[in-house]
Structure formats: C-alpha cells, structure tokens
Amino acid sequence: DAKTTQPNSMESNEEEPVHLPCNHSTISGTDYIHWYRQLPSQGPEYVIHGLTSNVNNRMASLAIAEDRKSSTLILHRATLRDAAVYYCILRDEGGSEKLVFGKGTKLTVNP
Amino acid sequence: GAVVSQHPSWVICKSGTSVKIECRSLDFQATTMFWYRQFPKQSLMLMATSNEGSKATYEQGVEKDKFLINHASLTLSTLTVTSAHPEDSSFYICSATGALASSYEQYFGPGTRLTVT
C-alpha cells in the first residue's frame, strides 16, 4: 500500500481554519485520497475523499496538489468537537476495500 | 447515514476464557466487514476481512485460531477472542461496507474495549 506521511500533532484555536497536510509521494494513478478522523474512545468516521480535483462537503474541504503527491484537509472553522486524530489514507478503488491506517495527526483545538 | 453497532461496548474477562464481540450493520447489508485492533496511543491495525458466507482473510501475523471471525449473515459479524490473555487487552473496532451504503465509505462501529485480567 502506498504510504502517507502526516505531522504527529497540530494545534488550532476555536473558530479558526485548520490545514492538515499529508504527503503521499508514491501515490499511483488509481489511488484515491481518503480522510477519516477518530474522536477519543470512538471508532473512526469518514471525512472526505478525492482523486484529482479539490472537494468540498459539509465537514471539510480537500485540496489536492496538481502532481497529487500531497493533499491538505481544511477545516474552515475548528470547533472543540473537531479535536481528533485525522488519518490520511490512500485507497486503490479498483483493488481491496481495506483501509491501512498510518499514525495520523492529533489535532488539539484550544478554546 | 449507515450505522454500525458493536456489543458489548466494554468487557472484562479472566485470562484463559473466551469472549465474543458482535458487529452489526443496522440499516444496510454489509457484504464485507473488517476487524481492527487498537492499542493505547497507537493507530488502528487491520486484523481481518470477512465476506458474508465465506472464511475470513487474516492479515499477516494475526492468529486465525485465536481470533475467530464469523460473518454468518449480511448484518452480523462476530469476533471471538479465544483463550484470552492480558496482552489481548485492546480496543477492537469493526467496520462495514456493502449494498445500499456508500461505495467509497467504510462505516465504523463505536468499538469494544476488552480488558483481560
């Protein structure tokens, strides 16, 4: 599975935007970029995914570099409930459905 | 959205006993279910993939005779930890994909915390 690299931790202030980076320099042409997050003592939840174009949904935005070797998850206005570990995962849509989790980025949101 | 539940949410058992964890898809048919294990302050580690009606596929290093997985119906998968030992204490999480659910999203259960004394 193609590997992703994320910072171990990041901090943000409430109601400010947060940009969570992810490097995936060995991404293949059929890999989609998925983001999940895990709140404390809960199972992960889907956040967003994309292939080449930037994506927006009610939770976040995903900005994908033109060469696809990196991406950024954007939370437009962080709330205390956004404090979680965020995982950037590559998944080949034509291959296995399984997700391989890396270490993720632990986001702390300060009031 | 699709909902996955797990039961129990936490369990304490004595060393040497077996414990069963249930994973249910509540509003969709889960053709594929996944079982993960997560130790404190670590990431999720995939243990096995199960498809309804067939044998589970275990990841390398996961003992299939110790972690018995049964996916007997499209809404239920079970993980049985046999002859549990303290080192099996962990947070066990299931996820599911399937028909009528999003094709790109895995739906995760809330997890089961197992403590073996």
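Our structure's up above, just so we're on the same page.
The rules behind each value
- Residues numbered from 1 in each chain as written.
- Chains lettered and ligands numbered in written order.
- Predicted model: local features only at pLDDT ≥ 70, side-chain atom pairs only at ≥ 80, totals over all residues.
- Heavy atoms only, no water.
- Helix = DSSP H or I, 4+ residues; strand = E, 2+ residues; numbered from the N terminus.
- Rg over C-alpha atoms; globule rule 2.2 N^0.38 Å.
- Buried < 20%, exposed > 50% of the residue type's maximum accessible area, 1.4 Å probe, protein only.
- Contact = heavy atoms within 4.5 Å.
- Pairing = 2+ DSSP bridges.
- Axes fitted to C-alpha atoms, helices over the stretch in contact; angles between N-to-C directions.
- Phe/Tyr/Trp six-rings, centres within 6.5 Å; stacked < 30°, edge-to-face > 60°.
- Buried area = accessible area lost by both parts, 1.4 Å probe.
- Salt bridge = Lys/Arg side-chain N within 4 Å of Asp/Glu carboxyl O.
- Polar contact = N/O pair within 3.5 Å; in protein donor to acceptor, adjacent residues only side chain to side chain.
- Disulfide = S-S within 2.5 Å.

Digging into the overall build of chain A
Part 1 of the reasoning: Along its length, chain A carries zero helices and nine strands.
Part 2 of the reasoning: Secondary structure of chain A in N-to-C order comes out as β-β-β-β-β-β-β-β-β.
Part 3 of the reasoning: Taken over the C-alpha trace, chain A has a radius of gyration of 13 Å; the compact-globule value for 111 residues is 13 Å, and the two agree within 12%.
Part 4 of the reasoning: Along the longest, intermediate and shortest principal axes, the C-alpha atoms of chain A span 40 × 30 × 25 Å.
Part 5 of the reasoning: Relative to its full complement of 111 residues, chain A shows a buried share of 42%.
Part 6 of the reasoning: Across chain A, the fraction of contacts at a sequence separation of at least 24, relative to all contacts at a separation of at least 6, is 56%.

Concerning the sheet that holds strand 1 (residues 9–13) of chain A
Residues and elements named next belong to chain A.
Part 1 of the reasoning: Here we have five strands laid out as an open sheet, ordered 1-9-8-3-4, and mixed in their pairing. Every interior strand has two partners, whereas the edge strands, strand 1 and strand 4 (45–50), have only one. Neighbour-to-neighbour, the strand axes of the sheet open up by a mean angle of 25°, direction not taken into account.
Part 2 of the reasoning: Of the strand pairs in this sheet, strand 1 and strand 9 (residues 105–110) are connected by five bridges, and their pairing is parallel.

Digging into the packing of aromatic side chains
Geometry of an aromatic ring pair is reported as the spacing of the ring centres plus the angle between the planes.
Part 1 of the reasoning: In the structure shown here, the tally under the stated rule is nine aromatic pairs over all chains.
Part 2 of the reasoning: Where Phe101 of chain A meets Phe108 of chain B, the ring centres are 5.9 Å apart and the plane angle is 80°; that geometry is what we call edge-to-face. Of this pair, Phe101 of chain A sits in the loop between strand 8 (84–92) and strand 9 while Phe108 of chain B sits in strand 10 (residues 107–108), placing the two residues on different chains.
Part 3 of the reasoning: On the accessibility criterion, Phe101 of chain A (9% relative accessible area) is buried.
Part 4 of the reasoning: The rings of Tyr36, Tyr46, Tyr87 and Phe101 of chain A together with Tyr36 and Phe108 of chain B are connected pair by pair, giving a single aromatic cluster.

Let's talk about the sheet that holds strand 5 (residues 55–56) of chain A
All names here are of chain A.
Part 1 of the reasoning: Strand order in this open sheet of four strands is 2-7-6-5, and the pairing throughout is antiparallel. If you trace the sheet from one side to the other, it starts and ends with strand 2 (18–23) and strand 5, each paired once.
Part 2 of the reasoning: The sheet contact formed by strand 5 and strand 6 (residues 61–64) spans two bridges and is antiparallel. In the strand pairing of strand 6, Asn56 is matched with Ser61.

Description of the interface of chain A and chain B
Part 1 of the reasoning: Listed as interface residues are 18 residues of chain A and, on the opposing side, 19 residues of chain B.
Part 2 of the reasoning: In total, chain A and chain B occlude about 1400 Å² of area from one another, counting both sides; carbon and sulfur atoms represent 52% of this.
Part 3 of the reasoning: The tally of links between chain A and chain B comes to one salt bridge.
Part 4 of the reasoning: The partner of Glu59 of chain B in a salt bridge is Lys98 of chain A, with the nearest N and O atoms 3.2 Å apart.
Part 5 of the reasoning: The interface formed by chain A and chain B contains seven residue pairs in polar contact (both at pLDDT 80 or more).
Part 6 of the reasoning: Secondary structure elements with two or more residues in the side of chain A that touches chain B: strand 3 (31–38), strand 4 and strand 8 of chain A.
Part 7 of the reasoning: Looking at the side of chain A that touches chain B element by element, the count peaks at three residues for strand 3 of chain A.

A short note on the pattern of salt bridges
Residue and element names in this part refer to chain B.
Part 1 of the reasoning: Under the criterion given, the structure shown has six salt bridges over all chains.
Part 2 of the reasoning: Lys66 is the partner of Asp88 in a salt bridge, and the nearest nitrogen-oxygen pair spans 2.8 Å. Pair noted here: Asp88 is in the loop between strand 8 (76–81) and strand 9 (90–99) and Lys66 is in the loop between strand 6 (57–58) and strand 7 (67–73), with a separation of 22 residues, a long-range link. Here the two residues Asp88 and Lys66 agree in accessibility, since each one is buried.

Side note on the state of the cysteines
Part 1 of the reasoning: For the structure on display, the rule yields two disulfides over all chains.
Part 2 of the reasoning: Disulfide partner of Cys22 of chain A: Cys88 of chain A, at an S-S distance of 2.1 Å. Judged by the sign of its S-S torsion, about -85°, the bond between Cys22 of chain A and Cys88 of chain A is left-handed. Of the two residues, Cys22 of chain A sits in strand 2 while Cys88 of chain A sits in strand 8, which places them 66 residues apart along the sequence.
Part 3 of the reasoning: Since its relative accessible area comes to 1%, Cys88 of chain A is described here as buried.
Part 4 of the reasoning: One disulfide bridge connects Cys23 of chain B with Cys94 of chain B, the sulfur atoms lying 2.0 Å from each other. For the disulfide bridge between Cys23 of chain B and Cys94 of chain B, the dihedral angle about the S-S bond is near 80°, and by the sign convention the bridge is right-handed. Taken as a pair, Cys23 of chain B in strand 3 (residues 19–25) and Cys94 of chain B in strand 9 lie far apart in primary sequence, 71 residues in all. Exposure class is identical for Cys23 of chain B and Cys94 of chain B. Each is buried.
Part 5 of the reasoning: Here Cys13 of chain B is not disulfide-linked; the sulfur of Cys94 of chain B is the nearest cysteine sulfur, at 18 Å.

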